[in-house]
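# Working through the structure, step by step
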Amino acid sequence: MSAVPSERGEVAIRHLSKSYHLNGKPFQVLKDLNLTIRSGESLAIVGTSGSGKTTLLRVLAGLEEADRGDVLIDGNAVRGVGRDRAVIFQEPRLLPWLTVLDNVAFGLETQGLSRDEARNRARRYINLVGLQQFENAYPRQLSGGMAQRVGIARALAVQPEILLLDEPLGALDAMTKIAMQQELARIWREEDVTTVLVTHDLEEAIFLADRILILPREKGAVPRLIDVDLPRPRDRSSAAFVRQREELLNLFGLH
Ligand SMILES: Nc1ncnc2c1ncn2[C@@H]1O[C@H](COP(=O)(O)OP(=O)(O)OP(=O)(O)O)[C@@H](O)[C@H]1O
Ligand SMILES: [Mg+2]
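Residues numbered from 1 in each chain as written. Chains lettered and ligands numbered in written order. Predicted model: local features only at pLDDT ≥ 70, side-chain atom pairs only at ≥ 80, totals over all residues. Heavy atoms only, no water.

Let us look at the nonpolar core. Leu142, Ile152, Leu156, Leu163, Trp188 and Ile212 are the most contacted members of the largest nonpolar core, which has 53 residues in total. With 8 residues, the single largest contributor to this core is helix α4 (residues 144–157). Beyond its immediate stretch of four places on either side in the chain, leucine 142 contacts Leu94, Val100, Phe134, Ala137, Ala147 and Val150. (Core = buried A, V, L, I, M, F, W, Y, C linked by side-chain atoms within 4.5 Å. Buried < 20%, exposed > 50% of the residue type's maximum accessible area, 1.4 Å probe, protein only. Helix = DSSP H or I, 4+ residues; strand = E, 2+ residues; numbered from the N terminus. Contact = heavy atoms within 4.5 Å.)

Structure (structure tokens):
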């Protein structure tokens, strides 16, 4: 086994700017963003639609290039996608012709694990997301929440330093969503992985994150960073939680 440095998964964002072209003119989405995401930290990114949440996540994933600035992971500049990062999208994008077990094991063999090693590792993560009874099921036999759990198991199984999630629970019904939030909170306690979670859901951000980055709607404005100083496991009905939620709603002018 290779030695793993104890502090891995630190993400330093330095003077990051990104614009797209709209009607032939540059349209600035991210402007001189600076932020260090600590090793093992859970950061939520919130902001109105079009504020650049997905863009930022895609730059961190290496799927999109910044115009200016750098993303450093453990001090090394990100150049394209890498095995140190795994991305979870809104839909799990499972391979329909493979079982749950094979979907999760799929990427592992290409990483050099033997078939047995890959399957053992996959089983561990399938257990972690509570789907041990479904390892031989096909994606069409799963509910939306179960399929999303398979996607999470698949991303964790490659043991990334950084997990990037773009509204992973956005398509789920309210009950399943709350159950999944609890599950994610538990998984993140067990797996020491730096996580960046894009979400529309302010309550979800408070429930899961150590800090919340709020991307402003106006491009000139400076993003805000909020500490979520609540004990874990978090209790949505506690006075401190409700207060935090009110504060966040106020920042969005929704109160
Ligand atoms: N590939 C692209 N080409 C041109 N413009 C783009 C591209 N991707 C995103 N944009 C623009 O960048 C801005 C930010 O988009 P982004 O998808 O990052 O927003 P978002 O915060 O994730 O929004 P939502 O909450 O709706 O998912 C939008 O104005 C969008 O039109
Ligand atoms: Mg988005």
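Right, let's talk about the site of ligand 1 for a bit. Not every one of the 13 residues close to ligand 1 is listed here, only the nearest: Ser49, Gly50, Lys53, Thr54 and Thr55. Between serine 51 and ligand 1, the recorded distance is 3.2 Å, taken from a backbone N or O atom to an oxygen atom. In this structure, an oxygen atom belonging to ligand 1 sits 2.5 Å away from a side-chain N or O atom of threonine 55. Across the complex, the protein chains shield 62% of the 640 Å² of accessible surface that ligand 1 would expose by itself. For the shell around ligand 1, the secondary-structure elements that each account for two or more residues are β2 (25–37) and α1 (53–61). (Near = heavy atom within 4 Å. Polar contact = N/O pair within 3.5 Å; in protein donor to acceptor, adjacent residues only side chain to side chain. Areas by Shrake-Rupley, 256 points an atom, 1.4 Å probe, with all protein chains shown as cover.)

A few words on α4. With 14 residues, α4 should reach 20 Å at 1.5 Å per residue; the first-to-last C-alpha distance of 20 Å fits that figure. With 12 of 14 residues buried, α4 lies mostly within the body of the structure. Every buried residue of α4 is accounted for by Gly145, Met146, Ala147, Gln148, Arg149, Val150, Gly151, Ile152, Ala153, Ala155, Leu156 and Ala157. For α4, the elements touching its buried residues are β6 (85–88), α2 (100–109), α3 (115–128), β7 (162–166) and α5 (174–190). After α4 finishes, the residue glutamine 159 shows a positive phi value of roughly 50°. (Expected span 1.5 Å × (residues − 1).)

The next thing to look at is the sheet that holds strand β5 (residues 76–77). Read from one edge to the other, the open sheet built from 4 strands follows the order β2-β1-β4-β5, with strand pairing classed as antiparallel. Pairing within the sheet leaves two strands with one partner each, and these edge strands are β2 and β5. Along the sheet, α1 makes contact with β1 (11–22), β2 and β4 (68–73), crossing β1 at roughly 120°. (Pairing = 2+ DSSP bridges. Axes fitted to C-alpha atoms, helices over the stretch in contact; angles between N-to-C directions.)

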